[in-house]
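Chains, contacts and geometry: an overview
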Amino acid sequence: MAFFARPASASAAVRIVNPNIQNELVQPSRKDSAQRRCRNVMIYGYCKFEDKGCVYYHPPAEEVFSAPARSASPAAATTTGTSPISAHAVNAPVFVPKASSLSLASSPSAPVTGQSLTSSSPSSPAPPDYQSTEHYSYSDSEQVAEFYDDSQAHFNAYPAGYVQNMEVPFYTNPSQVYMNEPLDHHLYTPTIPSAFISSSTGNHFVNPSSELRQILQERSHTSRSAPLLGSNLPEELQGYHTFVPIDTVSSPDRKKFFNLNSIVYRATNSTDGIPYVLRRIENFRLMQQAAFIPIEAWSQIRHPNIVPVYEAFTTRAFNDSSLVVVYSYYPKSQTLFDAHLKSPPSSAFSQHLQNGGGRVALGHSHSLPQIAHFGQSLPSSFATSQSLHQLQSNGIPERILWSYIVQIASAIKRVHEAGLAVRTIDATKILLTGKNRVRIGSCAVWDVLTYDQHLDVVALQHDDLQHFGRLIFALCCHNPQATTNGNFQKSLEIISKTYSHDVKSIALFLISKNHPHKNISTVFEMISSKLSMELDDALEGMDILENEMLSELENARLVRLLCKFGFINERPEFARDSRWSETGDRYIIKLFRDYVFHQISEHGTPVTNMSHVLTCLNKLDAGTEEKIMLVARDEQSCLVVSYKEIKACVEAAFSDLSRASSTR
């Protein structure tokens, strides 16, 4: 088996043949330059090697341009009045000392100044006219020209205005300059330091990193669930299709507006393909078209705690006259009633907290007392010390309760500033769409149903605050009827012993009827101390989500590599070459593909190791200096190359294909 090391050349292609140590590179013959004027004569006026074998032309003394005597220091040369270099002298060939490994391909017509010391890439060969200079043997003190590294051609070692003021060119050794390599933008972006992110434990609004992906996958699965067979729903309605009922028609606690039944569907819009929620009000006859005016006003309201309203229309597709209002769809959401107030009250709430809804663990459902719902009379032990202790240990944590209060108050403020009233501050109309995130839903329905009654907006806004207070009582006591049927005093006692004085104060202020300064602005003054805590948690949650997005920023890097392999490998023909993909740099890419994907074990079975594939592709994408050995399929030859060289081969081959496709 022959062994090859990669040659130091611009191309990564390696010829796979048997090595022959007798083949040596033959240097090109030196061009006869006897008629070229010696540059020493042009610069110094004489050549010390004229009688020692210098092959260049030495004109007689009368033809030599008058030049000052050779000075021991460059400073002495600058004291003359005129420059000793003529315009023709600049065209002299550049010295290439034998000991120097650098080369300079300067333009023969460009003046030798600080700005003109530029050249081509470092790998470019020197012109053949002065490629071989073995007969020159200058010492360091006699060397008058030194050559700059082409990669530092943009570096100007002279101060500003120096070249314009000097009269005689001055040559010196260039100072060593270290160039900073550009950053690789395709590499993974570093994440936020762990000292600033508590991603392992989650946040008040964001689930832990280990659960976040699963929650998002469940939401995606829910939004694409198939409709039930035999549901007798319309196939298409006003551009919406694939109707799936969210509420159960046979449910005894169906949501009602006045005495009208309501049911909620999920449907997909034919225009954008996004699922929406359609709330249908059954058996409603619209008397005038002007009733849809509030829908236009509600569609302009966008708030993070309000479910957006899009449109409304009437239809007879459900075998009756129905009103349909379209909202945004939030999969895997539930109402506050289902999460906290539905019997048994702790089962759904415990599941919510297990999904990241709170920071305290709730007990089992049998540890709670049987609390009445929907106006039933409370048991005699409702206000006993044991019941209070159980409510305190199994109730909504005060931090979550304050989060609900701040979010709902913010939504009410936005609606009141728009000159509207919410009118749906109820546990069955407020959705829990995420971890401690609530949104007021079913907006604008009351405005359409009661459009012809011309109700006072100020009175309706006052009712919003009163319903808000009732909602706080219901959440604190786990009882929708906490403020009715003679339960107010017992509910107030529960709040006093379970929650802080601030919760009791805001609940009493909202539920009061004749307070002189009762408005949403006063509410914000009372809860101002809780706003900073809510803002801190929201910003921390945003940092966590940003950190999660950074981990997915370059998740398509390996896919881009595989796509390039697909374009290059096994290509039948390119540039009229049927073996294009089998020769040169492309052959190395083919061998690397076999190294990554086509390995076999000692038993002759295929190796399907995903870790090996991911490791190799990541190293290739980063272009590391690690070397690997690529063996040909006939096992008669092999190559030792680095990932950096393979990456250069891939980029060069793909660039050839890209240029060819762009020119046609």
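Model, not experiment: these values are computed from the prediction.

1. A word on the UniProt feature "binding site: ATP" (unreviewed entry) in the chain
UniProt annotation of "binding site: ATP" (unreviewed entry) refers to Arg279, Thr428 and Lys429 when read in the numbering used here. Over a stretch of 151 residues, the named residues converge on one spot in the fold, their C-alpha atoms separated by at most 13.5 Å. Of note, arginine 279 is situated in strand β5 (residues 275–281). There is a polar contact of 2.6 Å between the side chain of arginine 279 and the side chain of serine 262. Of note, threonine 428 is situated in the loop between α9 (398–417) and β9 (430–434). Side-chain polar atoms of threonine 428 contact the side chain of aspartate 426, separated by 2.3 Å.

2. Observations regarding the environment of arginine 399
Mapped onto the fold, arginine 399 is located in helix α9. Exposure remark for arginine 399: the relative accessible area of 17% places this residue in the buried category. Note: C-alpha distance between arginine 399 and histidine 204 (195 residues apart in sequence) is 9.2 Å. Beyond its immediate sequence surroundings of up to four residues, arginine 399 is in contact with His204, Met533, Glu534 and Asp537.

3. Observations regarding helix α19 (residues 643–662)
With 20 residues, α19 extends 28 Å between its outermost C-alpha atoms, agreeing within 8% with the 28 Å of an ideal straight helix rising 1.5 Å per residue. Here α19 has its buried residues at Tyr643, Glu645, Ile646, Cys649, Val650, Ala653 and Leu657. Turning to α19, the residues buried within the fold contact α16 (557–568), α17 (585–597), α18 (610–622), β11 (627–631) and β12 (638–642).

4. Some remarks on the sheet that holds strand β10 (residues 437–440)
Across a sheet, paired strands are connected by hydrogen bonds in the backbone, their directions being either parallel or antiparallel. Strand order in the open sheet made by the 3 strands is β8-β9-β10, with antiparallel pairing throughout. Each edge of the open sheet is held by one strand with a lone partner, namely β8 (334–335) and β10. Of the pairings in the sheet, the one linking β8 to β9 comprises 2 bridges and is antiparallel in character. Its bridge partner being in β9, glutamine 334 is matched across the sheet by leucine 432.

5. Concerning the nonpolar core
Counting residues in each nonpolar core, the largest one holds 72 residues, and the members touching the most others are Phe468 and Ile527. Tallying contributions element by element places α9 first for this core, with 11 residues. In this view, phenylalanine 468 contacts Ile405, Ile408, Ala409, Ile412, Ile425 and Leu510; residues no more than four positions away in its chain are not counted. The next biggest cluster of nonpolar side chains, apart from the first, holds 27 residues, and it includes Trp580, Tyr587, Leu620 and Leu657.

6. A word on the environment of histidine 467
Residue position: histidine 467 is located in helix α11 (residues 457–477). Once the C-alpha coordinates of histidine 467 and leucine 510 are considered, the two residues, 43 residues apart in sequence, prove to be 7.9 Å apart.

7. Let's talk about a nonpolar patch on the surface
Together, Leu535, Leu539 and Met542 make up a nonpolar patch on the protein surface, roughly 290 Å² of accessible area in all. Assignment of secondary structure puts leucine 535 in helix α15 (residues 528–551). Taking the relative accessible area as the measure of exposure, leucine 535 reaches 49% and is therefore partly exposed.

8. As for the pairing of strand β7 (residues 322–328)
For β7, a buried count of 7 out of 7 residues is recorded, marking the element as mostly surrounded by other parts of the structure. Note: β5 against β7, 6 bridges, orientation antiparallel. Bridging from a neighbouring strand, arginine 279 pairs with valine 325 of β7. Pairing between strand β6 (residues 309–315) and β7: 6 bridges, direction antiparallel. Along β7, the bridge assignment pairs phenylalanine 313 with valine 324. Connecting the antiparallel pair β6 and β7 is a turn made up of 6 residues, with asparagine 319 showing a positive phi of about 65°.

9. Overview of the packing of α9 against α15
α15 packs onto α9 with a crossing angle of 95° between their chain directions and a minimal axis gap of 10 Å. Here α9 lies roughly perpendicular to α15, going by the angle between them. Here Arg399, Trp402, Ser403, Val406 and Gln407 of α9 come into contact with α15, specifically with Lys530, Leu531, Met533, Glu534 and Asp537. Here the contact of α9 with α15 is built from residues that sort into 4 nonpolar, 2 polar and 4 charged.

Procedures and definitions
Along each chain, residues carry numbers from 1 onward, in the same order as the chain's sequence is written. It should be noted that, the model being predicted, local features are given only for residues of pLDDT at least 70 and side-chain atom pairs only at 80 or more, the latter also being counted only at that level, while totals for whole chains, interfaces and linings use all residues. Just so you know, side-chain values use all the structure's heavy atoms and leave hydrogens and water out. UniProt positions are given in the numbering used here, feature names are shortened, and annotations may be inferred rather than shown by experiment. Where helices and strands are cited, they refer to DSSP runs of H or I of at least four residues and of E of at least two residues respectively, numbered from the N terminus. Think of a polar contact as two N or O atoms within 3.5 Å of one another; within protein, one of them needs to be a possible hydrogen donor and the other a possible acceptor, and neighboring residues in sequence only count if both atoms come from side chains. Burial here depends on accessible area, computed with a 1.4 Å probe over protein chains only, as a share of the maximum for the residue type. Under 20% is buried, over 50% is exposed, and the range in between is partly exposed. Two residues form a contact once any of their heavy atoms are found within 4.5 Å. For a helix, the expected span equals 1.5 Å multiplied by the number of residues minus one. Here the rule is simple: two strands pair whenever DSSP picks up at least two bridges between them. Among buried residues, those of type Ala, Val, Leu, Ile, Met, Phe, Trp, Tyr and Cys that are joined through side-chain atoms within 4.5 Å constitute a nonpolar core. Exposure above 30% relative accessible area and the lack of any salt bridge qualify a residue for a patch; like charges then connect within 9 Å, and the nonpolar side chains Val, Leu, Ile, Met, Phe, Trp and Tyr within 5 Å. For the area figures, the Shrake-Rupley method with a 1.4 Å probe applies, and any residue is considered shielded solely by the protein chains shown. What makes a salt bridge here is a side-chain nitrogen of Lys or Arg within 4 Å of a carboxyl oxygen of Asp or Glu, nothing more. Axis lines are fitted through C-alpha atoms, for helices just across the contact stretch, and the angle between N-to-C directions can take any value from 0 to 180 degrees. When an angle is under 35 degrees it counts as roughly parallel; over 145 it counts as roughly antiparallel; between 65 and 115 it counts as roughly perpendicular; any other value is oblique. The nonpolar class holds Ala, Val, Leu, Ile, Met, Phe, Trp, Tyr, Cys and Pro. Asp, Glu, Lys and Arg form the charged class, and all remaining residues, Gly among them, are polar.

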